[in-house]
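Take a look at the letters that make up each chain.
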Amino acid sequence: MTTPDQHLSEATGLVRAFNHATITAGEDWQYPGHAYQAIGQLGHLARMLPQAIEQTAGPVTLTHEGGRLLIDGGGDPAHAVQHLRTALNTAVQAAELLAEAIAHLHAVTGPMSLDIRGLPGFED
């Protein structure tokens, strides 16, 4: 059975593979339509990030609610959880802004295409 953190590890590996695959142009990475499709997928990914970020606090919340949360150095669990919530809310807001920015990028890229007039291999 795959654990939640393993799913994210797989996603990280796939984004890394995308980064490596797109360093240079190739047959499947050279036209505006390729960028448009990739940006659309990045937008979909970004729209899912706020929920994923929010749900990362689940194990901490459950442990705290069960009275079993310990903080290194004898820190106050309630204070640590409040700090976690504040940081988590900031991360969720940043992810929402990222999703909006990518949606804008996708819209801007939408009308772009390759002018094939006179290009070899693209004749009617």
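Residues numbered from 1 in each chain as written. Predicted model: local features only at pLDDT ≥ 70, side-chain atom pairs only at ≥ 80, totals over all residues. Heavy atoms only, no water.

Enquirer: Help me understand the overall build of the protein chain in this model?
Expert: What the protein chain contains, in helices and strands, is 4 helices and 0 strands. Going from N to C terminus, the protein chain has its helices and strands arranged as α-α-α-α. Relative to the 2.2 N^0.38 estimate, which gives 14 Å for 124 residues, the radius of gyration of the protein chain is 21 Å and therefore markedly larger than a compact globule would have. C-alpha atoms of the protein chain, sized along the principal axes, occupy 70 × 30 × 25 Å. Burial analysis of the protein chain (124 residues in total) assigns 14% to the buried set. For the protein chain, contacts bridging at least 24 residues in sequence account for 67% of all contacts bridging at least 6. Accessible area of the protein chain: about 9,500 Å², with a carbon and sulfur share of 60%. When the 5 basic and 13 acidic side-chain charges of the protein chain are each reduced to a single mean position, those positions are 5 Å apart. (Helix = DSSP H or I, 4+ residues; strand = E, 2+ residues; numbered from the N terminus. Rg over C-alpha atoms; globule rule 2.2 N^0.38 Å. Buried < 20%, exposed > 50% of the residue type's maximum accessible area, 1.4 Å probe, protein only. Contact = heavy atoms within 4.5 Å. Areas by Shrake-Rupley, 256 points an atom, 1.4 Å probe, with all protein chains shown as cover. Lys, Arg positive; Asp, Glu negative; His and termini not counted. Charge placed at Lys NZ, Arg CZ, Asp CG, Glu CD.)

Enquirer: What is the right way to read a nonpolar patch on the surface from this model?
Expert: A grouping of Val15, Leu42, Leu45, Met48, Leu49 and Leu98 is seen on the molecular surface, where their side chains present a nonpolar patch of about 450 Å² in accessible area. Top element by residues in the nonpolar patch is helix α2 (residues 32-55). It accounts for 4 residues. Residue position: Leu98 is located in helix α4 (residues 77-109). Overall, the relative accessible area of 39% leaves Leu98 in the partly exposed class. (Patch = residues over 30% accessible without salt bridge, like charges linked within 9 Å, V, L, I, M, F, W, Y side chains within 5 Å. Salt bridge = Lys/Arg side-chain N within 4 Å of Asp/Glu carboxyl O.)

Enquirer: What should I look at first to understand the side chain of His34 in this one?
Expert: As for its placement among the helices and strands, His34 is situated in helix α2. Among the polar contacts made by the side chain of His34, one reaches the main-chain amide nitrogen of Gln30 at a distance of 3.0 Å. (Polar contact = N/O pair within 3.5 Å; in protein donor to acceptor, adjacent residues only side chain to side chain.)

Enquirer: Explain the packing of aromatic side chains to me, please; I cannot follow it from the model alone.
Expert: Two measures describe an aromatic ring pair: the distance that separates the ring centres and the angle between the ring planes. For the coordinates displayed, the defined rule picks out 2 aromatic pairs. An angle of 85 degrees between the planes, with centres 5.6 Å apart, marks the rings of Phe18 and Trp29 as edge-to-face. A residue pair is termed long-range when its members are at least 10 positions apart, and Phe18 in helix α1 (residues 4-21) and Trp29 in the loop between α1 and α2 qualify at 11 residues. Ring geometry for Tyr31 against Phe122: centres 6.1 Å apart, planes inclined by 85 degrees, an arrangement best described as edge-to-face. Remark: Phe122 occurs in the segment after α4 and Tyr31 occurs in the loop between α1 and α2; sequence separation between them is 91 residues. Residue class for Phe122 comes out partly exposed when judged on its relative accessible area of 31%. (Phe/Tyr/Trp six-rings, centres within 6.5 Å; stacked < 30°, edge-to-face > 60°.)

These results come straight from atomic positions and should not be treated as a statement about function.
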